Amino acid sequence: MCVGNQFGNFGNTDRGSASRLYREWHRANDGDTEQEDIVSSFAEFGVLVNNRHKPKDKPADTKVALGFLAPWLIGAVCLSLIPMLYSLVISFTKYNMIKPPQFVGLMNYRHMIADPRFINSLTVTLTYVIVSVPLQLVAALALAVLLDRGMRGLAFYRSAFYLPSMLGGSVAVAVLWKMVFGADGLFNAFLGIFGIDTTMSWIANPDTANWTLMALHVWQFGSPMVIFLAGLRQIPRELYEAASVDGAGTWRQFRSITLPMLSPIIFFNLVMSVINSFQTFTQAYVVSGGTGGPSDSTLFYTLYLYQQGFASLRMGYASALAWIMVLIVAALTGMNFALSKFWVHYDD
Amino acid sequence: MKRLWKKYLTAVMAAVALCVTTACGSSVGASDVPVVASDGDVTIRLDWWGGDSRVETTEQAVAAFEKLHPNIHVDMEYSDWTGYWDKLAVQSAGGNAPDVMQMDELYLSFYGSMGSLLDLNTASKYLELNGMSDSLKSMGQVEGKQVAAPATTAQYGVIVNNTILNNLGLTLPDTDHWTWDEFADFAKQVTEKSNGTIIGSLAPNNGYGLQLWARQHGEKLFDGNHIVIQPQTLASFLQLPADWASNGVEGSRERWSENSAATLNDSDFGKGQQAMMITQATMITPYAQAAGTDDMSIVPLPQIDPGAKTMYLKPGMYWSISSSSQHPAEAAMLVNYLINNKQAGTILGTERGIPSNDDIRHTLANSVSGTDRTALNFVDTIQPTLGTSPSITPNGASELDKTIIRYQQDVVFGKRKALDAAKAMIAELQESIDFAS
């Protein structure tokens, strides 16, 4: 009975903490989450509109709220929504930014099928997502579990591990990365300690360049780690006590209590990570000097899109690429949600 | 509630339609402003790409220009190479291009054929273009219009770091008539003698290099809107860095790859770890400064058939005037000042390349010293091998340099055979040209 009550309470707090987590995550990933901001704000806007017509609500409140929202609304519609829709229109045209767009039907979309660099950029990006996202989440979870044991100086370690997440997306770190994995970089010096002498430049070889970027992504495990840490704190201690009374070992407890209880948060981290890593741009742009090289091995989807739009001045094609990316990310997210019912455990 | 949403949706769609139509409507047309100087105060905008030293000298020259023409004020803007073209495309789309802009051969056809640039012949009252050779002047023409004034020329040569050669006890062979084989043999010796700490050279990896390679094979790169270089010739150009990476001239594949992406200061030649560099003659001064030596010289490019007339004066940079400029006469006066005025020539020096105006080049050659002088005199050295100018890079091939490096990387790292890469590269470029025109 007692345990049951705990469960009930936990269920309630979990919902509260989920939105808190979301906010925390937002702060942590400031700058990367514009889309989610827009989506969630539109949802809130919808609620406002609905409420307006519920007789028990005071209409004056809604008007004031809409007034306060107006600056954001104007910005979202004029600077996000309209350009987005405009890019959809542009994607059916041939447009070099100087001559007026010229309608060409589905030509841009058909061109993709025959474009080897498009196919390559998809392969590069998908490889990056498939390898680096799980690795990052495993690293984040492992460290979160370690830190959760309440070691001394926890606050320090938490900050230290979190630091790369704040720096990892910056130009400065990408430049640093270039030096670390260069021919006479830190990484080769590290290998030298183990007697492996090499002048291999990991950045300059097409077989390894993408892996250095994956390493950069995994290194930014701090942000999901902090979320995991918060999630671990929400798991009631009683569950572990009860399990250990029943004779379950550490591994068994981790598998049967920690993982299922944490699965909604793992799911949240997974979805966000996939979306964000699919949009990776800065790192590849800086490390390859904007080319996606060597040999197109770091030609991420967004980088190719940028090159087509602003270097080759094929705005129509770039817009089509952008909309295909929206579809791909939506499909991946949808797939994640569909698969989630097999492994995500919601405690209702 | 449903109806309400419909209302909102209609409003949004109306706004979208409005934005779309206005954006589509703002195509760029030439302004019909007569090319006549104004008596009143006039402000024009000048835009260029380049580093700090260019900012300094250009600001000085512009200040001197404003002193000569007190009623003209020049607003200056500048950015780095990549940012410059992104910005110019967006500005041109918005009908907001600068009055005077620095232009490059790779992008000239694009802006020229879009009607974004003023035909300078309409401003001949204010702008003199006869201080340069006709063949150079013709490289500023697109579709029969003089849309750009060549400001400087660039000559490919081999810059040699003599300090390195002296330290290694090596002497250059006869460079007046040397072949690519002789060049590679000598470069290999550098790498061998220094146990790989210093490399001999790097294979040429840009459009200028490819153009000269084609000419040395008795071909051309472009003919109008067609790529006419033979796949075999292009294949040998793409194969060159692969051969030189394996025989030691470039050290290794990765070293070549790093160098081809490096900035001047991070490159082996800039760090004094490379003996010879195939590049533009005026690069000698920045390279000498970076490598910390003043003992650098320039020798002619190796040739397949030594002494053949395969070289040409390539415009290093141009000045163009926007066709939507409200003050074309004043803009023309500024361009005229920048390319023909002796005072401006002295201030600007060789930072943008060798001045296109022959008088100014000779004046400079007598007044400067050191590596700048070496670069200026190199034009006379290659005079006997100068042939006719090729047609300029067509619209749609602006990404030529990056495309070359990408296919060279494919060949160097064994992703493709050279001939396959050559055929794919020709197809890709031709598609891009056809799409743009």
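Conventions and cut-offs
Residues numbered from 1 in each chain as written. Chains lettered and ligands numbered in written order. Predicted model: local features only at pLDDT ≥ 70, side-chain atom pairs only at ≥ 80, totals over all residues. Helix = DSSP H or I, 4+ residues; strand = E, 2+ residues; numbered from the N terminus. Contact = placed C-beta atoms within 7 Å. Rg over C-alpha atoms; globule rule 2.2 N^0.38 Å. Buried ≥ 20, exposed ≤ 12 C-beta atoms within 10 Å, placed from the backbone. pLDDT = per-residue confidence, 0-100. Pairing = 2+ DSSP bridges. Axes fitted to C-alpha atoms, helices over the stretch in contact; angles between N-to-C directions. UniProt positions renumbered as here; feature names shortened; annotations may be inferred. Right-handed = clockwise from strand over helix to strand, strands pointing away. Domains from an automatic or database assignment. Core = buried A, V, L, I, M, F, W, Y, C linked by C-beta atoms within 7 Å. Parallel < 35°, antiparallel > 145°, perpendicular 65-115°, else oblique. Nonpolar A, V, L, I, M, F, W, Y, C, P; charged D, E, K, R; others polar. Expected span 1.5 Å × (residues − 1). Left-handed = near helix turned anticlockwise from the far one by under 90°.

**Student:** Report on the overall build of chain A, specifying residues and quantitative values.
**Tutor:** Scanning chain A for helices and strands turns up 15 helices and two strands. Taking all contacts inside chain A whose residues are at least 6 apart in sequence as the whole, residues at least 24 apart take part in 70%.

**Student:** Let's hear about the overall build of chain B: which residues, and what values?
**Tutor:** Assigned secondary structure in chain B consists of 17 helices and 13 strands. In terms of overall size, chain B behaves like a compact globule, its C-alpha atoms giving a radius of gyration of 24 Å where 437 residues would be expected to give roughly 22 Å. Considered along the principal axes of its C-alpha atoms, chain B spans approximately 80 × 65 × 40 Å. The 437 residues of chain B split such that 49% are buried. Look at the contacts in chain B between residues 6 or more apart in sequence, and 76% of them connect residues 24 or more apart.

**Student:** So what's going on with the confidence of the model for chain B? Which residues, and what values?
**Tutor:** Residue and element names in this part refer to chain B. With 93% of its residues at a pLDDT of at least 70, chain B reaches an overall mean of 89. Looking over chain B, one finds the lowest element-wise mean pLDDT in helix α1 (residues 2-25), namely 52, and the highest in strand β3 (residues 100-103), namely 97. Reported confidences for the modelled complex are a pTM of 0.82 and an ipTM of 0.82.

**Student:** An account of unusual backbone geometry is requested, with residue identities and associated values reported.
**Tutor:** Residue and element names in this part refer to chain B. The backbone of E143 sits at a positive phi, close to 50°, despite the residue not being glycine. As for its position among the elements, E143 is in the loop between β4 (141-142) and β5 (145-146). By C-beta crowding, E143 is classed as exposed, having 11 other C-beta atoms within 10 Å.

**Student:** Help me get a handle on the sheet that holds strand β11 (residues 296-299) of chain B, residues and values and all.
**Tutor:** Residues and elements named next belong to chain B. An order of β10-β7-β11 is seen for the three strands of this open sheet, with the pairing classed as antiparallel. Two strands lie at the open edges of the sheet, namely β10 (276-280) and β11, each paired on one side alone. When the angles between neighbouring strand axes are averaged without regard to direction, this sheet yields 35°. Bridge analysis of strand β7 (residues 156-161) against β10 gives five bridges, and the strand direction is antiparallel. Across the sheet, the residue bridging to Y156 is Q280, located in β10. Each of β7 and β11 is contacted by helix α15 (residues 370-382), which is oriented at about 5° to β11, the strand it contacts most.

**Student:** With reference to specific residues and values, describe the UniProt feature "transmembrane region" (unreviewed entry) in chain A.
**Tutor:** Annotation from UniProt places "transmembrane region" (unreviewed entry) at residues 64-86, 126-147, 159-180, 186-204, 216-236, 256-275 and 320-339 of chain A. Taken as a whole, residues 256-275 of chain A contains 100% helix and 0% strand, while its terminal C-alpha atoms sit 29 Å from one another.

**Student:** Describe the environment of A344 of chain B, and please don't skip the residues or the numbers.
**Tutor:** Residues and elements named next belong to chain B. Tracing the backbone through its elements, the reader meets A344 in helix α13 (residues 342-348). Judged by the 24 C-beta atoms lying within 10 Å of it, A344 is buried. Put simply, A344 and F237 are 107 residues apart on the chain and 39 Å apart in space, counted from C-alpha to C-alpha. Leave out the neighbours within four places in its chain, and A344 touches A61, A64, Y337 and L338.

**Student:** Explain the sheet that holds β3 of chain B to me, and be specific about the residues and the numbers.
**Tutor:** Paired through their backbone hydrogen bonds, the strands of a sheet run either parallel or antiparallel. All names here are of chain B. The strand order across the open sheet formed by six strands is β2-β1-β3-β12-β6-β13, and the pairing between neighbours is mixed. Each edge of the open sheet is held by one strand with a lone partner, namely β2 (72-79) and β13 (354-355). Both strand β6 (residues 149-154) and strand β12 (residues 314-321) contribute to a ladder of five bridges, which runs antiparallel. What sits directly across from A149, in β12, is W319. Of the strands in this sheet, β1 (42-49) and β2 are in contact with helix α2 (residues 52-68), which crosses β2 at around 170°. The strands touched by helix α3 (residues 81-93) within the sheet are β1, β2 and β3, with β2 carrying the most contacts at an inclination of about 120°.

**Student:** Tell me about the pairing of β1 of chain B, and name the residues and values.
**Tutor:** Residue and element names in this part refer to chain B. Sheet topology note: the β1/β2 ladder contains eight bridges and is parallel. Paired with T43 across the strands is H73, a residue of β2. Handedness of the crossover is the feature at issue here: the chain leaves β1, passes through α2, returns alongside β2, and the resulting connection is right-handed. Here two bridges tie β1 to β3, and the two strands are oriented parallel to one another. Bridging across to β3, L46 finds its partner in V100.

**Student:** Describe in detail the domain arrangement of chain B, supporting the description with residues and values.
**Tutor:** Partitioning chain B into domains gives domain 1 (42-154 + 315-385), domain 2 (156-203 + 249-310) and domain 3 (205-237 + 396-437). If you average the C-alpha positions of domain 1 of chain B and of domain 3 of chain B, the two centres end up 28 Å apart.

**Student:** Report on the nonpolar core, specifying residues and quantitative values.
**Tutor:** Residues and elements named next belong to chain B. Counting 89 residues, the largest nonpolar core has A149, W319, A332, L334 and V335 as the members making the most contacts within it. Apart from residues lying up to four places away in sequence, W319 is in contact with V100, Q102, M103, A148, A149, A151, V335, L338 and I339. The next biggest cluster of nonpolar side chains, apart from the first, holds 70 residues, and it includes W178, L301, Y407 and I433.

**Student:** I'd like to hear about the pairing of β6 of chain B, residue by residue, with values.
**Tutor:** All names here are of chain B. Counted residue by residue, β6 has six buried out of six residues, so it is predominantly covered. The pairing of β6 with β13 spans two bridges and is antiparallel. When the bridges of β13 are listed, T152 appears paired with P355.

**Student:** Run through the packing of helix α6 (residues 154-167) of chain A against helix α10 (residues 222-234) of chain A, naming residues and quoting values.
**Tutor:** Residue and element names in this part refer to chain A. At a closest axis distance of 7 Å, the pairing of α6 and α10 adopts a crossing angle of 135°. In terms of orientation, α6 and α10 fall into the oblique class. Judged by residue contacts, R158, F161, Y162, L163, P164 and S165 of α6 engage G222, S223, M225, V226 and L229 from α10. Split into classes, the residues belonging to the contact of α6 with α10 amount to seven nonpolar, three polar and one charged.

**Student:** Account for the environment of N195 of chain B, with residues named and values stated.
**Tutor:** With respect to the element layout, N195 of chain B can be found in the loop between α7 (180-193) and α8 (207-216). Sequence separation between N195 of chain B and G251 of chain B is 56 residues; the distance between their C-alpha atoms is 9.8 Å.

**Student:** An account of the environment of G231 of chain A is requested, with residue identities and associated values reported.
**Tutor:** All names here are of chain A. Considering the arrangement of structural elements, one finds G231 in helix α10. For the pair G231 and T258, spaced 27 residues apart in sequence, the C-alpha to C-alpha distance is 9.6 Å. Sequence-distant contacts of G231, that is, excluding residues within four places in its chain, are made with L262 and I265.

**Student:** Could you give an account of the confidence of the model for chain A, with specific residues and numbers?
**Tutor:** On average, residues of chain A score 83 in pLDDT, and 82% of them are at 70 or above. Contacts from residues 1-19 of chain A, a stretch scored under 50 in pLDDT, to residues over four places away or in other chains number 12 contacts.

**Student:** Describe α3 of chain B, with residues and values.
**Tutor:** Residues three or four positions apart in an α-helix share a direction because the helix packs 3.6 residues into each turn. An ideal rise of 1.5 Å per residue puts 18 Å on 13 residues; α3 of chain B measures up with 19 Å between its terminal C-alpha atoms. Buried residues belonging to α3 of chain B abut α14 (301-311) of chain A together with β1, β2, β3 and α4 (105-113) of chain B. Downstream of α3 of chain B by one or two residues, G95 of chain B has phi in the positive range, about 65°.

**Student:** Kindly report on the packing of helix α12 (residues 250-278) of chain A against helix α15 (residues 315-343) of chain A, identifying the contributing residues and their values.
**Tutor:** Residues and elements named next belong to chain A. Look at α12 against α15: their axes get within 10 Å of each other, and the N-to-C directions meet at 165°. On the basis of the axis angle, α12 is roughly antiparallel to α15. In the packing of α12 onto α15, the handedness of the crossing is right-handed. Residues S263, F267, L270, V271, V274, I275 and F278 of α12 pack against V329, L332, T333, N336, S340 and W343 of α15.

**Student:** Run through helix α16 (residues 400-412) of chain B, naming residues and quoting values.
**Tutor:** Residues and elements named next belong to chain B. Over its 13 residues, α16 extends 18 Å from the first C-alpha to the last, a length consistent with the 18 Å expected when each residue adds 1.5 Å. Most of α16 is tucked away, with 10 of its 13 residues classed as buried. As for α16, its buried residues are in contact with α4, α8, α9 (231-246), α10 (253-261) and α17 (418-436). The positive-phi residue at the C-terminal boundary of α16 is G414, with phi of around 70°.

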